[in-house]
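Here is what each chain is made of, one letter per residue.
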Amino acid sequence: MSFTVAIDGPAAAGKGTISRAVAARFGFAHLDTGLIYRATGARVLAGEDAEAAARTLRPEDLARDDLRTPEVAQAASKVAANPKVRAALVAFQKEFARRPGGAVLDGRDIGTVICPDAEVKLYVTASDLVRAERRFLELQEKGLDVTRESVHDELRARDARDSAREAAPLKPAADALMLDTSDMSIADAVAAAIARVEARR
Ligand code: DC
C-alpha cells in the first residue's frame with residue numbers, strides 16, 4: 001500500500017531534516033526533489049541544454065558531491081522555472097510517491113502539483129534570518145567560502161524566483177499543516193511531523 005508525505009517550503013527551512021526523520025521513523029523511502037533540479041542545473045552550468053539535461057537525468061547525476069553549492073542552487077532555481085524542465089521530471093516523482101511501503105518527498109510543489117492527494121502535507125518555513133544563518137553554518141562547515149550576507153542574498157533571490165514563477169510556484173497547499181521552525185527545536189519539529197503522520201495512518 002502506498003502512503004505519501006509531501007513536505008514543501010522555502011530553502012533551508014528544515015524540510016530535509018524533517019523528511020529524513022519521518023522516513024526513518026516509518027520506514028518510508030525519501031526523495032529530496034531539490035536534488036533533481038540541482039543535478040539538472042549542474043549539467044546546464046557545464047553547458048548542456050536544460051530540457052535535454054532534465055530528460056536524460058541519470059541516478060549518478062543525483063549522487064554527485066558538488067550539488068550543494070550556492071552556484072548550483074541558483075542554477076537549479078533558474079532551470080526549475082522552465083515548464084518543460086518540470087514536465088520532464090514529473091513522472092519520476094509521481095511514481096516514487098506511490099511506491100509500495102510509503103514515501104516522503106520534499107520540495108516546493110509536492111503538495112500542490114506532484115502529489116495533490118498525499119495523505120499528509122506539511123509546509124515547513126522559518127524566518128529569512130534564521131534560514132540564512134542555518135545555511136551559512138552548513139556551508140561554512142563544508143569549507144565553502146561564503147559570508148552571512150552572501151548566503152542571505154542567495155536565499156532571498158531563490159525564494160523570490162521560486163515563489164514568483166508561473167510553473168508550480170512555491171506555496172502551501174490549502175490543506176497543508178504549517179510548521180514554522182524559526183523558534184522550534186529540531187526535535188519538536190520532527191515530533192510535530194511524526195504526530196501528523198500517525199494521525200493519518
Ligand atoms: O530544495 P533545494 O534548495 O535543494 O532546491 C533547489 C532549487 O530547486 C530550488 O531553489 C527550486 C527548485 N525546486 C523546485 O522548483 N521544485 C522542487 N520540488 C524542488 C526544488
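Above this text sits the structure in question.
All figures in this text were calculated on a predicted structure; none of them were measured in a lab. (Residues numbered from 1 in each chain as written. Predicted model: local features only at pLDDT ≥ 70, side-chain atom pairs only at ≥ 80, totals over all residues. Heavy atoms only, no water.)

Whenever I open this one, the packing of helix α5 (residues 70-79) against helix α9 (residues 148-164) confuses me. Can you help?
Angle between the axes and distance between the axes are the two parameters that describe a pair of packed helices. Taken N-terminus to C-terminus, the directions of α5 and α9 make an angle of 10°; their axes are 9 Å apart at the nearest point. Our classification of the angle between α5 and α9 gives roughly parallel. Relative to α9, the crossing made by α5 is left-handed. In this structure, α5 contributes P70, A73, Q74, S77 and K78 to the contact, and α9 contributes E154, A157, R158, R161 and D162. Partitioned by chemical class, the residues of the contact of α5 with α9 number three nonpolar, two polar and five charged. (Axes fitted to C-alpha atoms, helices over the stretch in contact; angles between N-to-C directions. Helix = DSSP H or I, 4+ residues; strand = E, 2+ residues; numbered from the N terminus. Parallel < 35°, antiparallel > 145°, perpendicular 65-115°, else oblique. Left-handed = near helix turned anticlockwise from the far one by under 90°. Contact = heavy atoms within 4.5 Å. Nonpolar A, V, L, I, M, F, W, Y, C, P; charged D, E, K, R; others polar.)

Explain helix α1 (residues 15-26) here, please?
The α-helix advances 3.6 residues per turn, and as a result positions three or four apart in sequence lie on the same side. Taking 1.5 Å of rise per residue, twelve residues should cover 16 Å, and α1 covers 16 Å from first to last C-alpha, within 8% of that figure. Of all the positions in α1, only K15, I18, S19, V22, A23 and F26 are classed as buried. Along the axis of α1, the buried residues cluster in a sector spanning 130°; they form a single face. Those residues of α1 that are exposed and aimed more than 90 degrees away from the buried face are R20 and A24. For α1, the secondary structure elements touched by its buried residues are β1 (4-8), β2 (29-32), β3 (103-107), β4 (120-125), β5 (177-180) and α10 (186-200). Positive phi shows up at G27, right after α1, with a value of about 70°. (Expected span 1.5 Å × (residues − 1). Buried < 20%, exposed > 50% of the residue type's maximum accessible area, 1.4 Å probe, protein only. Arc of directions from axis to C-beta.)

For this particular structure, what's the right way to read the layout of surface pockets?
Using a probe with the size of a water molecule, rolled over the atoms, empty space left in the structure can be pinpointed. Put simply, the largest pocket is a space of about 830 Å³. The wall of the largest pocket is formed by 41 residues, among which A12, K15, G16, R68 and R135 lie closest to the centre. Those elements that place two or more of their residues in the lining of the largest pocket are α1, β2, α2 (33-45), α5, β3, α8 (128-141), α9 and α10. Ranked by residues supplied to the lining of the largest pocket, first place goes to α1 with five residues. A per-class count over the lining of the largest pocket returns 13 nonpolar, eleven polar and 17 charged. One number sums up the size of the second largest pocket: a volume of about 180 Å³. Residue lining of the second largest pocket: I36, A54, R55, L57, R58, P59, L62, A88, L89 and F92, and that is the complete set. (1 Å grid on protein atoms, 1.4 Å probe; cavity = no way out; pocket = protein on both sides within 12 Å on 5 of 7 lines; lining within 4 Å. Points joined across faces, edges and corners; volume = space filled by probe spheres on them.)

I would appreciate a short explanation of the environment of E141 in the present structure.
Inspection of the secondary structure puts E141 in helix α8. Remark: the alpha-carbon pair of E141 and I18, spanning 123 residues in sequence, is separated by 20 Å.

Can you help me understand the site of the ligand in this one?
The environment of the ligand is made up of 14 residues, and the closest members are R38, R86, R158, D162 and R165. At 2.6 Å from an oxygen atom of the ligand is found a side-chain nitrogen or oxygen belonging to R38. At a separation of 2.8 Å, an oxygen atom of the ligand approaches a polar side-chain atom of R165. Taken by itself the ligand offers 450 Å² of open surface, and the protein chains cover 97% of this. Mapping the ligand onto the cavity grids shows that it belongs to the largest pocket. (Near = heavy atom within 4 Å. Polar contact = N/O pair within 3.5 Å; in protein donor to acceptor, adjacent residues only side chain to side chain. Areas by Shrake-Rupley, 256 points an atom, 1.4 Å probe, with all protein chains shown as cover. Sits in = over half its atoms within 2 Å of the grid points.)

Just checking my understanding: could you explain the side chain of R86 for this structure?
Locating R86 in the fold gives a position in helix α6 (residues 83-97). The exposure class assigned to R86 is buried, which follows from its relative accessible area of 7%. In this view, R86 contacts Y37, A80, D109, R165, A167 and A168; residues no more than four positions away in its chain are not counted.

Is there a simple way to explain the packing of aromatic side chains in this structure?
Remark: the centre distance and the inter-plane angle together describe each pair of aromatic rings, the angle taken between the planes. According to the stated counting rule, one finds three aromatic pairs in the structure shown. Each residue in the set F3, F26 and F28 is aromatic and connected to the rest through ring pairs, giving one cluster. Here the guanidinium or amino end of R99 rests over the ring plane of F96, the centre of that ring lying 4.1 Å away. (Phe/Tyr/Trp six-rings, centres within 6.5 Å; stacked < 30°, edge-to-face > 60°. Lys NZ or Arg CZ within 6 Å of the ring centre and 35° of its normal.)

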